Structures are given as C-alpha cells and as structure tokens.
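The lines below spell out each chain.
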Amino acid sequence: MVNQPSLSHNSQKKVGGMRVCIVCPAYHPALGGIGRQAVYLTEELHRQGIHLFVIARRLKGILPFNHKVKIVEVRAFRPSVYRIEAKTIFNLFTSITYSLNLLINLVKKRRDYDLVHFHGASIPLLITLPFIKLLNKKVIAKVSSAKLGIEAGSFYGRYGLLGKLFIRILKNVDAFIAISEEIKEGLLREGYEKNRIHRIPNFVDSSIFYPQFKKAKDEKMVLFSGALEERKGVDILLEAWANVHKIFPRSRLSILGDGSMRSFLKMKADEFGIADKVTFVGWVDDVSDYLRTADIFVLPSLQEGLPNSLLEAMACGLPVVATRIGGVVDIVKDGENGILVEPGDPKGMAEGIVRLFKDQEFARKIARNAFQTIKNSYSIDSIAPRYIELYRQLLRK
C-alpha cells in the first residue's frame, strides 16, 4: 500500500468533528466487491471532509494502490490468501487471528475514533463488538451477503446455541446497513430493531465506470466478472455458452476473476468443447476496460447480496442477463433494463444471450435503461451523503 497519511489534529475537526475507523479485512479495489466498495466509499467520505482511518489485513503478493486515507495493516494467518469466504478451518483461523490483532489496534487507537464502520458483519465484528461497546463507541455494520451463514441476518436457525449467542452479541450493533431487501428481511427475522436497519444499496463510481462508443466488430464478447466459487454459478454459464456458441460461433466468453473452482471450470469448458472460445483472464486491476469492450454481461450467480459487478456493467451501458436472486431483483426489471432468468437454468441463460445478440434494437434499449438506472439511483454521489447523515445521527445520540 502507498500514500500513508498521518492522523492530523486539524483533520479531526472536519465535518462536525466526525472520526471514523473503517474495518475491512480485504481493503483493496482488486479483491472483489466488498473491498472495492469499501475503498471507493472511504475515499469519497475522506474527500468530503470526514476524518477516517482503515484497519485491514496485511496481504502479500498484491500490487499496491493509490489512496489518501491512512491504512493500518495488521497480521493474520495466511497473508497470501485473499478470499476467506468459504467455511473452512483455515479461513476461520485466518479470520480469528485478524480479529484479535484488530482488537488490539482498536484499543490502542481508541482516542482516534468515535465510530467503527465494519464492512461485513461476521467474525471480526462478533469478536470485537463487546470490547468496542465497553469503550463507548458507536458501531455500524454493513451486511453484504444473505443466506450463507457467515454474516448477521443468516445465523437464525444455524449453529444451535452458538448461533443464538451470535445474534445476542450482534444486537449491540447501533446500525446495520442492508444492501438488499433480502438482507433486510434476514436481519428482521433475527430480531434486530427495525429502526437500526438502514437500507442503503451498493453504488458505482461513475468517474470510473461509464459507457463508451464501441466500434462494430465481427466477434462478439460476453463477460463475467467475479470470484470463481460455487455460488457464482459459472459452471452453469459455461453450459449455457456451449449452446450459444453453436448459434453464434464468432463469439467469445471472457471470465474475469479467480477462485477455488478455476481448475474445475477449465475442465468443464473442455468437456463442453468450448475451451478455445472461453478465456479465463484471472483477477484484473481495472475491470472497466473489459466492460467497455464487451457486448453483454452475464451474472449466473445462485446467491448474491447486491453484486458490484452487475452495477458496474450496467453503469458502462452493457445489456445484462442475470439470475432472479437476492439484490439482483431490486435493480433489474426483466425486459426493461436487463433480462432475468431462473438460477441454475443454462437453457434460459442461453436464450437470454441469444436474444440480445439477435435483436440489436432490444439490446440497445436494455443498455440505455440500465445506464439510466445506475445514474439515477446508484451513483456514489447519491449514496455517500446517506452514510454521512447516518454517522451524524449516531454520533448525536
């Protein structure tokens, strides 16, 4: 990481003296939606005058990025492993070691903040929350997933007495951010007070993600961007692509991202006979370059909160084919600003892609409406002030 500014006395007087500690283990724009949302929001809040610093995991083997907010990096088990979403003993130990070092730093720096904003409502929050409340600090937790059993809102009916203990601890959170209606419903089901749940969606930085005129080309390109994990449904996309490619042989599927299923997915591409028409790109620093050259974006996920990749594709004026799940249905209206298909349905997914290829007028209408949806309701300029107002409300109490 670079550009490490110090915490100055003058900056503490900004925006009514608000001083905020941001907690995000994977705080990096190239590490998926949660990290990217955290970075862009934090930098924007800093630009608007809020005094912030970040506590993140120390990671190895990843390129630094430019930032203006101070980042405190703490040690954790397996610093070369970036994604720890899957429920494994190794990921659990990584999260616990991060959480313990996070707690030490929260205590050490207790005079530097009044509010702690967690990106994620999982183990780091559960371990540190009781101590943060003893320090008389306010706590906001942004919940980014539903039904996975790893965050607030998805512990009900899981893990027996331990799950009940988790819920009891989390009732000390001052405010939850629910990025989708599905997440909000999960939080209400666990019994958190309704007035503590705030419905604020993810956003897009329109200075990075915007449409660009495309020159006509013979080969069509379809894009997926995300982690190569089971819940992302990329194997279903590959099965759909095998059917699309029979109708449009001069077309290519590009898959951005990496994960535990990469080898399996490459094997599936071989099985479907499309290995030469699918490119596994891996993680990229700038997704926007790929979005602006693609013709269609596909989100085949089986479970999502409110996927960053979908918002970014729509902001770039791409027609999208997405599964009817989670926060996707909050933003995509079938036939208006995207095409919705049932999760796990490769036939329906293929039909959606083929329709966009065949009916260019329909595809252009979908793309225009998608862009307008993001511009009107999901820009960082409209979302950041809602966080600032929430900070104000909590710090006045």
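All residue numbers refer to position in the chain's written sequence, counted from 1. The predicted nature of this model means local features are confined to residues of pLDDT at least 70 and side-chain atom pairs, given and counted, to a pLDDT of 80 or more, with totals for whole chains, interfaces and linings taken over all residues. As a rule here, side-chain values cover all heavy atoms of the structure and leave hydrogens and water aside.

Student: What should I look at first to understand the side chain of Arg292 in this one?
Tutor: A run of DSSP states H or I qualifies as a helix once it reaches four residues; a run of E qualifies as a strand once it reaches two. Both are numbered from the N-terminal end. Here Arg292 lies in the loop between helix H8 (287-291) and strand S11 (296-299). Working rule for contacts: check all heavy atoms of both residues, and any pair within 4.5 Å makes them a contact. Setting aside residues no more than four positions away along its own chain, Arg292 makes contact with Ile208, Phe209, Tyr210, Gln212, Lys214 and Cys316.

Student: Before we go on, may I ask you to explain unusual backbone geometry in this structure?
Tutor: Most peptide bonds take the trans form, and the phi angle of most residues other than glycine is negative. Positive phi values are uncommon outside glycine, yet Lys147 reaches one of about 70°. Along the chain, the position of Lys147 falls in the loop between strand S5 (138-143) and helix H4 (160-170). By relative accessible area, Lys147 is classed as exposed at 53%. Look at Tyr159: it is not a glycine, yet its phi comes out positive at around 65°. As for its placement among the helices and strands, Tyr159 is situated in the loop between S5 and H4. Under the scheme applied here, a residue whose accessible area is under 20% of the maximum for its type counts as buried, over 50% as exposed, and between as partly exposed, the area being computed with a 1.4 Å probe on protein chains only. Tyr159 sits in the partly exposed class, given a relative accessible area of 38%.

Student: Teacher, can you tell me more about the packing of aromatic side chains here?
Tutor: A ring pair, where both rings are aromatic, is described by two values, the distance of the centres and the angle of the planes. Classification of ring pairs uses Phe, Tyr and Trp, with its six-membered ring standing for Trp, and accepts pairs whose centres are within 6.5 Å; under 30 degrees between planes counts as stacked, over 60 as edge-to-face, and the remaining range as tilted. What the rule picks out here adds up to eight aromatic pairs. On the numbers, 6.3 Å between centres and 55° between planes, the contact of Phe155 with Tyr159 is tilted. Among the aromatic side chains, those forming a connected cluster through ring pairs are Phe155, Tyr159 and Phe166. Above the plane of the ring of Tyr210 lies Arg292, whose end atom (NZ or CZ) is 4.3 Å from the centre. By the criterion adopted, a ring carries a charge over it if an Arg CZ or a Lys NZ lies within 6 Å of its centre and within 35 degrees of its normal.

Student: What is the right way to look at helix H6 (residues 234-247) in this model?
Tutor: Along an α-helix, a turn takes 3.6 residues, which lines up residues three or four apart on a common side. Here the expected span of a helix is defined as 1.5 Å times the quantity of residues minus one. Compared with the 20 Å implied by 1.5 Å per residue over 14 residues, the 20 Å span of H6 between its first and last C-alpha is a close match. Of the residues making up H6, those classed as buried are Val234, Ile236, Leu237, Leu238, Ala240, Trp241, Ala242, Val244 and His245. Check the buried side of H6 and you find it contacts strand S8 (220-225), strand S9 (251-256), helix H7 (262-271), strand S10 (278-282), S11 and helix H11 (346-358).

Student: Explain the confidence of the model for the protein chain to me, please; I cannot follow it from the model alone.
Tutor: In low-pLDDT segments, the atomic positions of the prediction should not be examined closely. Per-residue confidence from the prediction method is given by pLDDT, with values spanning 0 to 100. Confidence in the prediction of the protein chain, expressed as mean pLDDT, is 93, and 95% of residues score 70 or more. Between residues 1-13, whose pLDDT stays under 50, and residues either more than four places distant or in other chains, the model counts 30 contacts.

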